[in-house]
Amino acid sequence: MSKNKQFVYLEFLRILACYFVIFNHTENKGFFLFSQYAWGSMRFWIYLFISVFCKCAVPLFFCISGALLLGKQNERIKDLWQRRIFKVLSLLILFSFVYYLGGVLTSDREFNIKTFFMRLYSSDWNYSFWYLYAYIAFLIGIPFLRAMVSKLDKNSYYYMISLVLFFSGILPVLEYLLWNGEYTMNSNLKLNWLCSNIVIFPCLGYFLHNNFEIKTLKRITYLWVVNIFSIILSCYMTYRKVMITGECSENTSQTFHNSFVLINCCAIYISAKWLFEKYNISEWIIKLINSLGSCTLG
């Protein structure tokens, strides 16, 4: 299998994730459209389901990065910084500066380079830039992730996935069902480092790309049944919180949107991999997908 065909499903996932990212920034006209309808109405549930489903965008990007980068065991730390980290850091600085200049030109603020760099260091100039900060952190930690994934067997990956599902999904749901968020587990007991986007999803992507075999369509079907159930559960928990708090704002009602995003990410990733491995895709479609996938950063 040529390299283009071997990795074309990753480019397809890039396009899909990019579309989800765009949708996640449509506010009341798309992503948060469910809030515009009566709580518990049919349209409320439909648009809420779509909103929760599309939260897999960033996890998919991290999975793709893990699949492509964690296997490069021979890359020197010097090359990692020169070819990857400084590149993304330069993009962050450049576009943050564009936003800063825009703010200076449209207000009475005076240009101050110290103010720019202090805010660049402590926060971000656009909400979307949080991903660039997180991606830089992922790149810095790549040597440790590479060493870790090279030593893990299948059971260790399944154990990792189970732990993340418990601490990020099952436990918060149980806590809210029992105590309406009044009591939560001591943070020192939680595996926050493992549950972070820059650890679990790159490791998941590496595992699914290199060590996971898709044996039957029936197993994918079972996975999608579990996935749909988990999304419905996230929707119910969102509805429950809205009814208890009486608030349905974009900042307060997303507590459970990411609870089971790991399952959704697995279902989409595995399905795309199976689709492109199972069927012969024409060469012009592969070229088109590779071309579009390469444009996602821009």
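Structure first, text after, so check above.
Residues numbered from 1 in each chain as written. Predicted model: local features only at pLDDT ≥ 70, side-chain atom pairs only at ≥ 80, totals over all residues. Heavy atoms only, no water.

Caption draft 1: Quick look at the overall build of the protein chain. Counting secondary structure elements, the protein chain contains 14 helices and 0 strands. Starting at the N terminus and walking to the C terminus, you meet the elements of the protein chain as α-α-α-α-α-α-α-α-α-α-α-α-α-α. A compact globule built from 298 residues would reach a C-alpha radius of gyration of about 19 Å, and the protein chain, at 21 Å, matches this within 12%. Structurally, the protein chain occupies a C-alpha span of about 60 × 55 × 45 Å along its principal axes. The buried share of the protein chain, taken over its 298 residues, is 42%. A sequence separation of at least 24 residues applies to 82% of the contacts in the protein chain between residues at least 6 apart. In the form shown here, the protein chain has an accessible surface area of approximately 17,000 Å², with 61% of it arising from carbon and sulfur atoms. Treating the 27 positive side-chain charges of the protein chain as one cloud and the 15 negative ones as another, the clouds have centres 9 Å apart. (Helix = DSSP H or I, 4+ residues; strand = E, 2+ residues; numbered from the N terminus. Rg over C-alpha atoms; globule rule 2.2 N^0.38 Å. Buried < 20%, exposed > 50% of the residue type's maximum accessible area, 1.4 Å probe, protein only. Contact = heavy atoms within 4.5 Å. Areas by Shrake-Rupley, 256 points an atom, 1.4 Å probe, with all protein chains shown as cover. Lys, Arg positive; Asp, Glu negative; His and termini not counted. Charge placed at Lys NZ, Arg CZ, Asp CG, Glu CD.)

Caption draft 2: Molecular detail of helix H8 (residues 142-149). Among the residues of H8, Ile142, Leu145, Arg146 and Val149 are the ones counted as buried. The buried residues of H8 all sit within an arc of 105° when viewed along its axis, so they share a single face. Where the residues of H8 are buried, they touch helix H4 (57-69), helix H5 (77-105), helix H7 (130-140), helix H9 (154-179) and helix H11 (197-210). (Arc of directions from axis to C-beta.)

Caption draft 3: The pattern of salt bridges, seen in detail. Inspection of the entire model under this criterion finds 4 salt bridges. In this structure, arginine 76 engages aspartate 79 in a salt bridge whose closest nitrogen and oxygen atoms are separated by 3.1 Å. Residues participating in the shared-partner salt-bridge network are Glu75, Arg84 and Arg146. (Salt bridge = Lys/Arg side-chain N within 4 Å of Asp/Glu carboxyl O.)

Caption draft 4: View of empty space enclosed by the protein. Inspection of the entire model under this criterion finds 1 cavity of 30 Å³ or more. The space that makes up the largest cavity amounts to roughly 50 Å³. Every residue along the wall of the largest cavity is listed here: Val52, Phe53, Ile231, Ser234, His257, Phe260, Val261 and Asn264. Listed by contribution, the elements that provide at least two residues to the lining of the largest cavity are helix H3 (42-53), helix H12 (217-245) and helix H13 (261-278). (1 Å grid on protein atoms, 1.4 Å probe; cavity = no way out; pocket = protein on both sides within 12 Å on 5 of 7 lines; lining within 4 Å. Points joined across faces, edges and corners; volume = space filled by probe spheres on them.)

Caption draft 5: Up close: the nonpolar core. Leu13, Phe138 and Phe201 are the most contacted members of the largest nonpolar core, which totals 89 residues. Per-element tally for this core: the top contributor is H13, with 11 residues. What phenylalanine 138 contacts, discounting residues up to four positions off in sequence, is Phe62, Ser65, Gly66, Leu69, Leu70, Leu145, Ile198 and Pro202. (Core = buried A, V, L, I, M, F, W, Y, C linked by side-chain atoms within 4.5 Å.)

Caption draft 6: Up close: the layout of surface pockets. Of the voids in this model, the second largest pocket is the one considered here, and its volume is about 450 Å³. Sorting the residues of the lining of the second largest pocket by element identifies H9, H11, H12 and H13 as the ones contributing at least two each. Taken together, the residues of the lining of the second largest pocket break down into 13 nonpolar, 1 polar and 4 charged. (Nonpolar A, V, L, I, M, F, W, Y, C, P; charged D, E, K, R; others polar.)

Caption draft 7: The side chain of glutamate 175, seen in detail. Position of glutamate 175 among the secondary structure elements: in helix H9. Salt bridges are absent for the buried glutamate 175, whose nearest opposite-charge side chain, lysine 190, sits at 4.8 Å. Excluding residues within four positions of it along the chain, glutamate 175 makes contact with Asn180, Gly181, Tyr183, Thr184 and Met185.

Caption draft 8: A look at unusual backbone geometry. The phi angle at glutamate 27 is positive, at roughly 50°, despite the residue not being glycine. Checked against the element boundaries, glutamate 27 lands in the loop between helix H2 (8-23) and H3. The backbone of asparagine 180 sits at a positive phi, close to 55°, despite the residue not being glycine. Checked against the element boundaries, asparagine 180 lands in the loop between H9 and helix H10 (192-195). For asparagine 180, a relative accessible area of 38% puts it in the partly exposed group.

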